[in-house]
Amino acid sequence: MKKIVFDLLNNDNGEEQAILGAKRFLQENSDYFLILVGHEQLIKKHLSDYIDRIAIINNETIVHIESSPRDVLRTQNSMLEAFKQLNESNADGILSSGDSGSLITLSSLKVKRLLGIERPAFMPILPTTTDKKMLLIDAGANIEIKPEYLSQWAMIASEWYSILFGSKKPIVGQLNVGVEEYKGSEITKNAKNILKEVSKSANFVFNGYVEATNAINGDIDILVVDGYGGNVFLKTLEGTFIAFSKLLKNILLKNWKTKLAALILKRHLREFKQKFDYRNTGGAFIIGLEKIVVKAHGGSDELAFYNALNQIKIGIENNISTILNKKFKEADNED
(Lines give C-alpha, C1' and ligand atoms only; values in the text may rest on other atoms or scores of the structure.)
Protein backbone atom coordinates (compact mmCIF):
# COMPACT_ATOMS: atom_id res chain seq x y z
CA MET A 1 0.00 0.00 0.00
CA LYS A 2 1.35 3.42 -0.99
CA LYS A 3 1.91 5.95 1.80
CA ILE A 4 1.63 9.75 1.87
CA VAL A 5 2.42 11.98 4.86
CA PHE A 6 0.09 14.98 5.21
CA ASP A 7 0.84 17.96 7.48
CA LEU A 8 -2.71 19.16 8.18
CA LEU A 9 -1.80 22.37 10.00
CA ASN A 10 -0.34 25.63 8.71
CA ASN A 11 -3.09 26.61 6.24
CA ASP A 12 -5.19 29.78 6.13
CA ASN A 13 -8.56 28.02 5.95
CA GLY A 14 -8.02 25.79 8.96
CA GLU A 15 -7.24 22.14 9.51
CA GLU A 16 -10.75 20.91 8.74
CA GLN A 17 -10.44 21.73 5.02
CA ALA A 18 -7.26 19.63 4.86
CA ILE A 19 -8.99 16.72 6.62
CA LEU A 20 -11.96 16.88 4.23
CA GLY A 21 -9.56 16.84 1.29
CA ALA A 22 -7.89 13.76 2.77
CA LYS A 23 -11.29 12.11 3.26
CA ARG A 24 -12.25 12.59 -0.38
CA PHE A 25 -8.90 11.18 -1.48
CA LEU A 26 -9.30 8.11 0.74
CA GLN A 27 -12.80 7.51 -0.61
CA GLU A 28 -11.44 7.25 -4.14
CA ASN A 29 -8.10 5.53 -3.53
CA SER A 30 -8.39 2.30 -1.57
CA ASP A 31 -4.73 1.40 -2.13
CA TYR A 32 -3.38 4.48 -0.33
CA PHE A 33 -2.48 4.94 3.34
CA LEU A 34 -2.27 8.45 4.83
CA ILE A 35 -0.12 9.47 7.78
CA LEU A 36 -1.88 12.54 9.16
CA VAL A 37 -0.16 15.05 11.44
CA GLY A 38 -2.51 17.37 13.33
CA HIS A 39 -5.25 17.45 15.98
CA GLU A 40 -6.05 13.82 16.81
CA GLN A 41 -9.65 14.35 17.95
CA LEU A 42 -10.58 16.42 14.92
CA ILE A 43 -9.07 13.83 12.58
CA LYS A 44 -10.98 11.01 14.29
CA LYS A 45 -14.21 13.00 14.11
CA HIS A 46 -14.09 13.13 10.30
CA LEU A 47 -12.17 9.98 9.41
CA SER A 48 -13.47 7.30 11.79
CA ASP A 49 -14.58 5.21 8.78
CA TYR A 50 -11.00 5.07 7.48
CA ILE A 51 -9.17 4.27 10.69
CA ASP A 52 -7.54 1.19 9.13
CA ARG A 53 -6.02 3.30 6.34
CA ILE A 54 -4.67 6.19 8.36
CA ALA A 55 -2.11 6.78 11.07
CA ILE A 56 -2.68 9.79 13.31
CA ILE A 57 0.25 11.69 14.76
CA ASN A 58 -1.06 14.19 17.29
CA ASN A 59 0.77 17.49 16.96
CA GLU A 60 -0.95 20.82 17.51
CA THR A 61 2.02 23.14 17.02
CA ILE A 62 2.11 25.38 13.96
CA VAL A 63 5.58 26.39 12.80
CA HIS A 64 6.56 29.98 13.58
CA ILE A 65 9.51 31.79 12.01
CA GLU A 66 11.05 34.65 13.99
CA SER A 67 14.29 35.38 12.16
CA SER A 68 15.18 32.48 9.86
CA PRO A 69 13.49 29.49 8.17
CA ARG A 70 15.77 27.33 10.31
CA ASP A 71 13.58 28.29 13.26
CA VAL A 72 11.44 25.37 12.10
CA LEU A 73 14.03 23.06 13.72
CA ARG A 74 13.68 24.59 17.19
CA THR A 75 10.23 23.26 18.13
CA GLN A 76 8.44 19.96 17.64
CA ASN A 77 5.97 21.47 15.17
CA SER A 78 3.69 19.57 12.80
CA MET A 79 5.83 20.17 9.71
CA LEU A 80 8.99 18.88 11.35
CA GLU A 81 7.05 15.87 12.65
CA ALA A 82 5.71 15.19 9.15
CA PHE A 83 9.24 14.97 7.73
CA LYS A 84 10.22 12.68 10.57
CA GLN A 85 7.33 10.39 9.61
CA LEU A 86 8.29 10.57 5.93
CA ASN A 87 11.68 9.07 6.71
CA GLU A 88 10.76 6.69 9.53
CA SER A 89 7.80 5.15 7.68
CA ASN A 90 9.56 5.21 4.30
CA ALA A 91 6.54 6.97 2.82
CA ASP A 92 6.33 7.76 -0.89
CA GLY A 93 5.53 11.48 -0.62
CA ILE A 94 4.66 14.38 1.66
CA LEU A 95 2.20 17.29 1.47
CA SER A 96 2.08 20.55 3.43
CA SER A 97 0.56 23.99 2.92
CA GLY A 98 2.85 25.54 5.49
CA ASP A 99 5.32 28.40 5.25
CA SER A 100 7.38 28.16 2.05
CA GLY A 101 10.68 29.01 3.73
CA SER A 102 10.17 26.36 6.39
CA LEU A 103 9.13 23.74 3.86
CA ILE A 104 12.08 24.31 1.53
CA THR A 105 14.44 24.28 4.53
CA LEU A 106 13.13 20.96 5.84
CA SER A 107 13.01 19.49 2.35
CA SER A 108 16.68 20.38 1.91
CA LEU A 109 17.71 19.04 5.31
CA LYS A 110 15.48 15.97 5.68
CA VAL A 111 15.28 14.59 2.12
CA LYS A 112 18.29 13.60 0.04
CA ARG A 113 18.91 15.61 -3.12
CA LEU A 114 19.32 14.02 -6.53
CA LEU A 115 22.97 13.60 -7.48
CA GLY A 116 24.34 16.67 -9.21
CA ILE A 117 21.52 18.97 -8.06
CA GLU A 118 22.67 21.82 -5.84
CA ARG A 119 19.32 23.33 -4.79
CA PRO A 120 15.70 22.12 -4.73
CA ALA A 121 13.10 24.45 -6.23
CA PHE A 122 9.34 25.04 -6.41
CA MET A 123 7.73 23.78 -9.62
CA PRO A 124 3.98 24.45 -10.07
CA ILE A 125 1.98 23.22 -13.06
CA LEU A 126 0.41 26.18 -14.87
CA PRO A 127 -2.33 26.47 -17.50
CA THR A 128 -1.68 28.13 -20.85
CA THR A 129 -3.97 29.74 -23.42
CA THR A 130 -3.89 26.42 -25.33
CA ASP A 131 -4.67 22.88 -24.16
CA LYS A 132 -1.07 22.41 -23.02
CA LYS A 133 0.26 22.67 -19.47
CA MET A 134 3.46 24.46 -18.51
CA LEU A 135 5.95 23.91 -15.70
CA LEU A 136 7.37 26.98 -13.95
CA ILE A 137 10.63 26.66 -12.05
CA ASP A 138 11.66 28.24 -9.65
CA ALA A 139 8.54 29.77 -8.11
CA GLY A 140 10.15 31.21 -4.99
CA ALA A 141 12.56 28.85 -3.25
CA ASN A 142 15.84 30.44 -4.41
CA ILE A 143 15.98 34.22 -4.60
CA GLU A 144 19.73 34.37 -5.26
CA ILE A 145 21.00 31.79 -7.72
CA LYS A 146 23.99 30.54 -9.66
CA PRO A 147 23.57 30.32 -13.45
CA GLU A 148 24.06 26.55 -13.24
CA TYR A 149 20.87 26.14 -11.20
CA LEU A 150 18.66 26.94 -14.20
CA SER A 151 20.17 24.17 -16.33
CA GLN A 152 19.91 21.68 -13.46
CA TRP A 153 16.24 22.58 -12.96
CA ALA A 154 15.58 22.40 -16.69
CA MET A 155 16.98 18.86 -16.77
CA ILE A 156 14.75 17.76 -13.89
CA ALA A 157 11.67 19.55 -15.21
CA SER A 158 12.12 18.03 -18.66
CA GLU A 159 12.01 14.53 -17.16
CA TRP A 160 8.90 15.47 -15.16
CA TYR A 161 7.23 16.94 -18.24
CA SER A 162 7.99 13.87 -20.36
CA ILE A 163 6.52 11.55 -17.74
CA LEU A 164 3.48 13.69 -16.92
CA PHE A 165 2.54 14.84 -20.42
CA GLY A 166 4.29 12.48 -22.84
CA SER A 167 6.52 14.99 -24.65
CA LYS A 168 9.85 13.43 -25.61
CA LYS A 169 11.77 16.72 -25.94
CA PRO A 170 10.03 19.49 -23.97
CA ILE A 171 10.69 23.07 -25.02
CA VAL A 172 12.40 25.21 -22.38
CA GLY A 173 12.26 29.01 -22.29
CA GLN A 174 14.10 31.37 -19.96
CA LEU A 175 12.04 34.22 -18.49
CA ASN A 176 13.70 37.58 -19.11
CA VAL A 177 12.93 41.28 -19.49
CA GLY A 178 13.22 40.92 -23.28
CA VAL A 179 14.17 38.41 -25.97
CA GLU A 180 17.19 40.38 -27.22
CA GLU A 181 20.57 38.76 -26.53
CA TYR A 182 21.97 41.83 -24.74
CA LYS A 183 19.13 42.11 -22.19
CA GLY A 184 19.20 40.76 -18.65
CA SER A 185 21.63 40.51 -15.76
CA GLU A 186 25.01 38.80 -16.04
CA ILE A 187 23.59 35.78 -14.22
CA THR A 188 20.72 35.64 -16.72
CA LYS A 189 23.09 35.82 -19.69
CA ASN A 190 25.45 33.21 -18.24
CA ALA A 191 22.51 30.92 -17.50
CA LYS A 192 21.32 31.26 -21.09
CA ASN A 193 24.73 30.16 -22.41
CA ILE A 194 24.81 27.17 -20.07
CA LEU A 195 21.25 26.17 -21.03
CA LYS A 196 22.14 26.41 -24.70
CA GLU A 197 25.16 24.14 -24.22
CA VAL A 198 23.45 21.62 -21.93
CA SER A 199 20.47 21.29 -24.27
CA LYS A 200 22.72 19.73 -26.93
CA SER A 201 22.77 16.48 -24.96
CA ALA A 202 19.82 16.88 -22.57
CA ASN A 203 16.19 15.84 -22.80
CA PHE A 204 14.95 19.30 -23.80
CA VAL A 205 15.07 21.91 -26.54
CA PHE A 206 16.18 25.37 -25.42
CA ASN A 207 14.13 28.13 -27.01
CA GLY A 208 16.00 31.12 -25.57
CA TYR A 209 14.57 34.13 -23.76
CA VAL A 210 10.82 34.53 -23.20
CA GLU A 211 8.99 37.67 -22.09
CA ALA A 212 6.26 37.42 -19.45
CA THR A 213 3.62 38.60 -21.94
CA ASN A 214 4.23 35.52 -24.10
CA ALA A 215 5.02 32.95 -21.43
CA ILE A 216 1.64 31.19 -21.32
CA ASN A 217 0.76 31.24 -25.01
CA GLY A 218 1.62 27.55 -25.38
CA ASP A 219 4.92 27.90 -27.26
CA ILE A 220 7.01 26.55 -24.39
CA ASP A 221 6.60 23.65 -21.99
CA ILE A 222 8.97 24.69 -19.20
CA LEU A 223 9.75 28.22 -18.01
CA VAL A 224 12.95 28.64 -15.98
CA VAL A 225 13.89 31.67 -13.90
CA ASP A 226 15.28 32.55 -10.47
CA GLY A 227 12.91 32.25 -7.50
CA TYR A 228 12.30 36.00 -7.27
CA GLY A 229 11.17 36.40 -10.87
CA GLY A 230 9.25 33.13 -10.80
CA ASN A 231 7.32 34.01 -7.67
CA VAL A 232 6.40 37.46 -8.99
CA PHE A 233 5.30 35.92 -12.30
CA LEU A 234 3.19 33.25 -10.56
CA LYS A 235 1.46 35.64 -8.16
CA THR A 236 0.83 38.15 -10.93
CA LEU A 237 -0.77 35.40 -13.00
CA GLU A 238 -2.96 34.29 -10.10
CA GLY A 239 -3.91 37.87 -9.22
CA THR A 240 -4.71 38.76 -12.82
CA PHE A 241 -7.04 35.78 -13.14
CA ILE A 242 -8.88 36.68 -9.92
CA ALA A 243 -9.19 40.35 -10.93
CA PHE A 244 -10.32 39.48 -14.47
CA SER A 245 -12.93 37.06 -13.12
CA LYS A 246 -14.36 39.76 -10.84
CA LEU A 247 -14.46 42.31 -13.66
CA LEU A 248 -16.12 39.83 -15.99
CA LYS A 249 -18.69 38.90 -13.36
CA ASN A 250 -19.58 42.56 -12.80
CA ILE A 251 -20.02 43.05 -16.55
CA LEU A 252 -22.20 39.97 -16.98
CA LEU A 253 -24.48 40.90 -14.07
CA LYS A 254 -24.92 44.51 -15.21
CA ASN A 255 -28.41 44.18 -16.76
CA TRP A 256 -30.83 41.63 -18.17
CA LYS A 257 -29.09 41.53 -21.58
CA THR A 258 -25.70 40.75 -20.10
CA LYS A 259 -27.30 38.20 -17.75
CA LEU A 260 -28.81 36.48 -20.77
CA ALA A 261 -25.38 36.44 -22.41
CA ALA A 262 -23.93 34.94 -19.22
CA LEU A 263 -26.58 32.21 -19.30
CA ILE A 264 -25.72 31.36 -22.91
CA LEU A 265 -21.98 31.31 -22.10
CA LYS A 266 -22.38 29.53 -18.76
CA ARG A 267 -20.66 26.27 -19.76
CA HIS A 268 -17.75 28.05 -21.43
CA LEU A 269 -17.30 30.41 -18.49
CA ARG A 270 -17.21 27.44 -16.13
CA GLU A 271 -14.55 25.76 -18.28
CA PHE A 272 -12.50 28.97 -18.27
CA LYS A 273 -12.73 29.26 -14.49
CA GLN A 274 -11.75 25.63 -13.95
CA LYS A 275 -8.76 25.95 -16.27
CA PHE A 276 -7.20 28.89 -14.41
CA ASP A 277 -8.26 27.90 -10.88
CA TYR A 278 -5.12 26.82 -8.95
CA ARG A 279 -7.27 24.47 -6.85
CA ASN A 280 -7.60 22.11 -9.81
CA THR A 281 -3.84 21.53 -9.76
CA GLY A 282 -3.39 21.53 -6.02
CA GLY A 283 0.17 22.63 -5.38
CA ALA A 284 3.79 22.94 -6.47
CA PHE A 285 6.29 20.11 -6.56
CA ILE A 286 9.57 20.70 -4.75
CA ILE A 287 11.93 19.16 -7.27
CA GLY A 288 15.55 18.04 -7.03
CA LEU A 289 14.83 15.56 -4.23
CA GLU A 290 14.77 11.78 -4.03
CA LYS A 291 11.18 11.78 -2.76
CA ILE A 292 8.00 13.57 -3.85
CA VAL A 293 7.30 16.75 -1.88
CA VAL A 294 4.35 19.01 -2.70
CA LYS A 295 3.65 22.49 -1.35
CA ALA A 296 -0.09 23.24 -1.30
CA HIS A 297 -1.31 26.83 -1.61
CA GLY A 298 -1.62 28.63 1.73
CA GLY A 299 -5.27 29.36 0.96
CA SER A 300 -6.16 25.79 0.00
CA ASP A 301 -9.64 24.40 0.59
CA GLU A 302 -10.98 20.85 0.42
CA LEU A 303 -10.77 20.72 -3.41
CA ALA A 304 -7.21 22.06 -3.51
CA PHE A 305 -5.96 19.59 -0.89
CA TYR A 306 -7.71 16.71 -2.65
CA ASN A 307 -6.01 17.65 -5.92
CA ALA A 308 -2.64 18.14 -4.22
CA LEU A 309 -2.88 14.56 -2.94
CA ASN A 310 -3.76 13.45 -6.45
CA GLN A 311 -0.71 15.34 -7.69
CA ILE A 312 1.47 13.24 -5.41
CA LYS A 313 -0.39 10.14 -6.58
CA ILE A 314 0.50 10.93 -10.21
CA GLY A 315 4.16 11.17 -9.28
CA ILE A 316 4.04 7.92 -7.30
CA GLU A 317 2.20 5.90 -9.94
CA ASN A 318 4.51 7.13 -12.68
CA ASN A 319 7.42 5.92 -10.54
CA ILE A 320 9.03 9.30 -10.97
CA SER A 321 11.32 9.16 -7.93
CA THR A 322 12.93 5.91 -9.07
CA ILE A 323 13.27 7.15 -12.66
CA LEU A 324 14.90 10.43 -11.64
CA ASN A 325 17.23 8.80 -9.10
CA LYS A 326 18.42 6.36 -11.76
CA LYS A 327 18.89 9.02 -14.45
CA PHE A 328 20.85 11.41 -12.27
CA LYS A 329 23.05 8.64 -10.86
CA GLU A 330 23.85 7.58 -14.43
CA ALA A 331 24.61 11.19 -15.38
CA ASP A 332 26.85 11.60 -12.34
CA ASN A 333 28.74 8.40 -13.21
CA GLU A 334 29.30 9.64 -16.77
CA ASP A 335 30.83 12.84 -15.41
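Position numbers for residues start from 1 in each chain and track the written sequence from start to end. Restriction of local features to residues with pLDDT of at least 70 applies here, the model being predicted, together with a cutoff of 80 or more for giving and counting side-chain atom pairs; totals for whole chains, interfaces and linings are based on all residues. Just so you know, side-chain values use all the structure's heavy atoms and leave hydrogens and water out.

The protein chain has the name Phosphate acyltransferase in an unreviewed UniProt entry, where Metamycoplasma hominis is given as its organism. UniProt positions are given in the numbering used here, feature names are shortened, and annotations may be inferred rather than shown by experiment. Checking UniProt for the protein chain, the heading Subunit (unreviewed entry) contains the comment "Homodimer. Probably interacts with PlsY." Listed under Sequence similarities (unreviewed entry) in UniProt, the entry text for the protein chain is "Belongs to the PlsX family."

Of all five residues in strand 11 (residues 292–296), five are buried, a share of seventy percent or more. Where burial is concerned, the two faces of strand 11 agree: the one with Ile292, Val294 and Ala296 and the one with Val293 and Lys295 are both buried. Any two strands are treated as partners once DSSP identifies two or more bridges connecting them. Helix and strand definitions follow DSSP, with helices as H or I runs of at least four residues and strands as E runs of at least two, each counted in order from the N terminus. Where strand 4 (residues 93–96) meets strand 11, four bridges bridge the pair, whose relative direction is parallel. Note that in strand 11 the partner of Ile94 across the bridge is Val293. Relative to strand 11, strand 10 (residues 283–287) runs antiparallel, the two sharing three bridges. Each bridged residue has a counterpart across the sheet, and for Ala284 the counterpart in strand 11 is Lys295. Counted between consecutive antiparallel strands, the loop separating strand 10 from strand 11 contains four residues, among which Gly288 sits at a positive phi close to 100°. Note on exposure labels: buried denotes an accessible area under 20% of the residue type's maximum, exposed denotes more than 50%, and partly exposed covers the range between, all computed with a 1.4 Å probe on protein chains only.

This part covers the side chain of Thr105. By the secondary structure assignment, Thr105 is in helix 4 (residues 100–110). For Thr105, a relative accessible area of 13% puts it in the buried group. Two residues qualify as a contact provided that any one of their heavy atoms is within 4.5 Å of a heavy atom in the partner residue. The contacts of Thr105, once residues within four sequence positions are left out, are Pro69, Arg70 and Val72.

Moving on, we come to the nonpolar core. Nine residue types can take part in a nonpolar core, namely buried Ala, Val, Leu, Ile, Met, Phe, Trp, Tyr and Cys, and a core is a set of them joined through side-chain atoms within 4.5 Å. Core analysis: the largest hydrophobic core is formed by 55 residues, its most contacted members being Phe6, Leu34, Leu36, Leu95, Ile137, Trp160 and Ile287. When residues in this core are grouped by element, the largest group, eight residues, is from helix 5 (residues 147–165). Residue-level mapping places this core at the junction of two domains, with at least three residues from each of domain 1 (1–113 + 288–318) and domain 2 (118–287). Boundaries of every domain are those given by an automatic assignment or by a domain database.

A few words now on the domain arrangement of the protein chain. For the protein chain, the assigned domains read domain 1 (1–113 + 288–318) and domain 2 (118–287). Between domain 1 and domain 2, the residue contacts involve 24 residues of the former and 21 residues of the latter. Of the roughly 1900 Å² buried at the junction of domain 1 and domain 2 (both faces included), carbon and sulfur atoms supply 61%. Buried area is calculated as the accessible area (1.4 Å probe) missing from two parts once they are joined, with the contributions of both summed. Of all residues in domain 1, the largest losses of buried area upon contact with domain 2 belong to Ile104, Gly288 and Gln311, amounting jointly to 30% of the total for that side. Each reported salt bridge corresponds to a side-chain nitrogen of Lys or Arg within 4 Å of a carboxyl oxygen of Asp or Glu. At the junction of domain 1 with domain 2, the criterion picks out zero salt bridges. A 3.5 Å cut-off defines polar contacts: any pair of N or O atoms within that distance qualifies, except that in protein one atom must be a possible hydrogen donor and the other a possible acceptor, and neighbouring residues in sequence count only when both atoms are side-chain atoms. At the junction of domain 1 with domain 2, the criterion picks out four residue pairs in polar contact (both at pLDDT 80 or more).

Okay, the pattern of salt bridges next. Applying the stated criterion across every chain, the model contains twelve salt bridges. Of the charged contacts, one joins Arg24 and Glu28 as a salt bridge, the two residues approaching to 3.9 Å between their closest N and O atoms. Here the residue Arg24 and the residue Glu28 both occupy positions in helix 1 (residues 15–28), the gap between them amounting to four residues, near one helical turn. The class of Arg24 is partly exposed, set by a relative accessible area of 29%. Of the charged contacts in the structure, one is a salt bridge between Lys146 and Glu118, with a shortest N-O distance of 3.3 Å.

A cis amide bond links Ile137 with the next residue in sequence, Asp138, at an omega value of 15°. As for its position among the elements, Asp138 is in the loop between strand 6 (133–137) and helix 5. Although it is not a glycine, Asn90 sits at a positive phi angle of roughly 55°. Note that Asn90 resides in the loop between helix 3 (78–88) and strand 4. Of note, the phi angle at Asn319 is positive, near 55°, even though the residue is not glycine. The residue Asn319 is located in the loop between helix 10 (302–317) and helix 11 (320–334) in this model.

Before going further, it helps to examine the packing of helix 1 against helix 10. Remark: helix 1 packs on helix 10, axes separated minimally by 7 Å, with the N-to-C direction vectors making an angle of 50°. It follows that helix 1 is oblique to helix 10 by the angle criterion. Two packed elements cross with a definite hand, and for helix 1 against helix 10 that hand is right-handed. Residue-level inspection shows Gln17, Ala18, Leu20, Gly21, Ala22, Arg24, Phe25 and Glu28 of helix 1 in contact with helix 10, the latter providing Glu302, Leu303, Phe305, Tyr306, Leu309, Asn310 and Lys313. All residues other than Ala, Val, Leu, Ile, Met, Phe, Trp, Tyr, Cys, Pro, Asp, Glu, Lys and Arg, Gly among them, are scored as polar; the first ten of these are nonpolar and the last four charged. Among the residues forming the contact of helix 1 with helix 10, the class breakdown is eight nonpolar, three polar and four charged. To define axes, lines are fitted to C-alpha atoms, for helices over the stretch in contact only, and angles between the resulting N-to-C directions are given on a 0 to 180 degree scale. Each angle is binned into one of four classes, with values under 35 degrees roughly parallel, values over 145 roughly antiparallel, values of 65 to 115 roughly perpendicular, and all other values oblique. Crossing chirality is assigned from the near helix's rotation relative to the far helix, an anticlockwise turn below a right angle marking it left-handed and a clockwise turn marking it right-handed.

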